[in-house]
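Examining the three-dimensional arrangement
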Amino acid sequence: MKVTRTMKQRLSARVYALMAGFLVLCTAFAGNAATIENVRVYPSPENTRVVFDLSAAARFSYFTLYDGGPLRVVLDLHDVENSIELSNVETESLLLRLIRPSAPPADNVTRVVFEVTDKTEAKVFSLEPKERYGHRIVVDLPGRSLIPEVQPARVIRTAETTEFRPVVVAIDAGHGGQDPGSIGPAGTFEKLVTLAVAQRLAAKINADPTMQAVLTRTGDYSLSLSQRARAIRQARADFFISIHADAFTSPQPRGASVWVLSRRRSDTELGRALENKERLSEELYELEPSLDRNNNDPNLARALLDMRRDDSMNDGSLAAELILSELGKVTNLHRRQPQGASFAVLSNIGTPSVLVEIGFISNPQKERLLRNANHQEKLATALYRGVRQHFIRHPIPGTLLANQSFQRHIVRSGESLSVLADRYSTTVDAIMEVNELTSTVLRVGQELQIPIT
Ligand SMILES: [Zn+2]
């Protein structure tokens, strides 16, 4: 949906760029004016971001018009030419009603008006070229812009859950919004694959009364590292799992891998490539550099972080092994052991964390698989089982999984896993995981252990 729109915009930007080139020739325009090559709009739950892609660096100024008439934010781009039909730029933001051109105060200025539905404290900053992006001017309009997709409903069984709580798992779909992550040879965006698997994993976890999932993002928008970290802290997550499907420079690497936070930088070529890739992605979030470094007491924060980090690193490694062994049942593994790397996304929180590469999107076969709903479901199931096993083997006191007990059940004629899951208030996946079943077919007389919470 958003992808096609962006591609359409890019295409039309190219057509406009051609036309602009033609006009420049015709009028023998001599100045060094930058041109607007594309306009991108990214609504997220708390903000609308508009990015102007420019052919060269440009100066800007802006102001708001909040007394009388429609609420407006006005941006002046100095020494900038525009040939893009701004009113055609689609916006799905609740906050940003319309982008339109307006009569400029001087010949060399392009004036852009943002009509907004609510007063907003606009912030504008410029960014230098980086990787696939050139010169950019970014307009942030804080305010409710997108209704987050509703997370799967929790089934709460009041009688049993009064004393013990579910294990909370924060799930992070890598990349998003203007940061597509890696792009497969057939054009698949990593950000969409990671979101699909994250949502399937969340649905599985939320169907299990002993666990609860929190997604860092529920749609196609970007989050800064600190926003991701905040989501995890607010959820009081017991575990953090970041999902990626990256590319490697050569198409050979195929399998999945699981990474845990390590203090040292990775000692493998692949590890270093991934570290650099994720760091670059962070810079691509188009975050205003100074905005995100507001920390009242960085030394205290660092000391606390170091104290907790050894434990959480340890727990991350234990979980990583279980997740790897489950992933190995549904996909080939790139490495059989958890890998260590110093990922920024994992280093800012004191929660046991893993980063899972569910496959290399740069491999054409893997790219096809990663788009496949069945395969996504298998991956999500493997992740769910790995995390669940971790919290059974290394229980957190006070959680339902720490008090998990089992009931023996002999399968009778006509019983299926879903019938049993319903009867015992558990899930098909949980029964399969406990009994290490690889198929949902049961035979009469088969003995099963049913998890009871
Ligand atoms: Zn990634």
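Everything below is about the structure shown above.
The structure reproduced in this document is the subject of the present report.

**Remarks on the environment of K204**
The residue K204 is located in helix α2 (residues 190-207) in this model. Of the residues examined, K204 reaches a relative accessible area of 12% and is grouped as buried. For the pair K204 and A380, spaced 176 residues apart in sequence, the C-alpha separation works out to 7.8 Å. If we ignore the near neighbours within four places in the chain, the residues touching K204 are E377, A380, T381, Y384 and D429.

**Thoughts on the pattern of salt bridges**
Inspection of every chain in the model, using the stated rule, returns 18 salt bridges. Linking R59 and D79 is a salt bridge whose minimum nitrogen-to-oxygen distance equals 4.0 Å. Of the two residues, R59 is situated in strand β3 (residues 59-65) and D79 in the loop between β4 (72-78) and β5 (80-81); the sequence distance between them amounts to 20 residues. On the basis of relative accessible area, R59 is assigned to the exposed category, the value being 53%.

**Side note on the sheet that holds strand β7 (residues 109-116)**
In spatial order, the strands read β3-β4-β7-β6; together these 4 strands make up an open sheet with antiparallel pairing. Here the strands that pair on one side only, and so sit at the sheet edges, are β3 and β6 (96-102). The sheet shows a mean angle of 20° between the axes of neighbouring strands, taken without regard to direction. Across 7 bridges, the pairing between β4 and β7 is antiparallel. The residue of β7 that forms the bridge with H78 is V109.

**Thoughts on the environment of S102**
Along the polypeptide, S102 turns up in strand β6. Each C-alpha atom of the pair S102 and V74 lies 9.0 Å from the other, and the pair is 28 residues apart in sequence. Beyond its immediate sequence surroundings of up to four residues, S102 is in contact with R111 and V113.

Thresholds, definitions, all that
- Residues numbered from 1 in each chain as written.
- Predicted model: local features only at pLDDT ≥ 70, side-chain atom pairs only at ≥ 80, totals over all residues.
- Heavy atoms only, no water.
- Helix = DSSP H or I, 4+ residues; strand = E, 2+ residues; numbered from the N terminus.
- Buried < 20%, exposed > 50% of the residue type's maximum accessible area, 1.4 Å probe, protein only.
- Contact = heavy atoms within 4.5 Å.
- Salt bridge = Lys/Arg side-chain N within 4 Å of Asp/Glu carboxyl O.
- Pairing = 2+ DSSP bridges.
- Axes fitted to C-alpha atoms, helices over the stretch in contact; angles between N-to-C directions.

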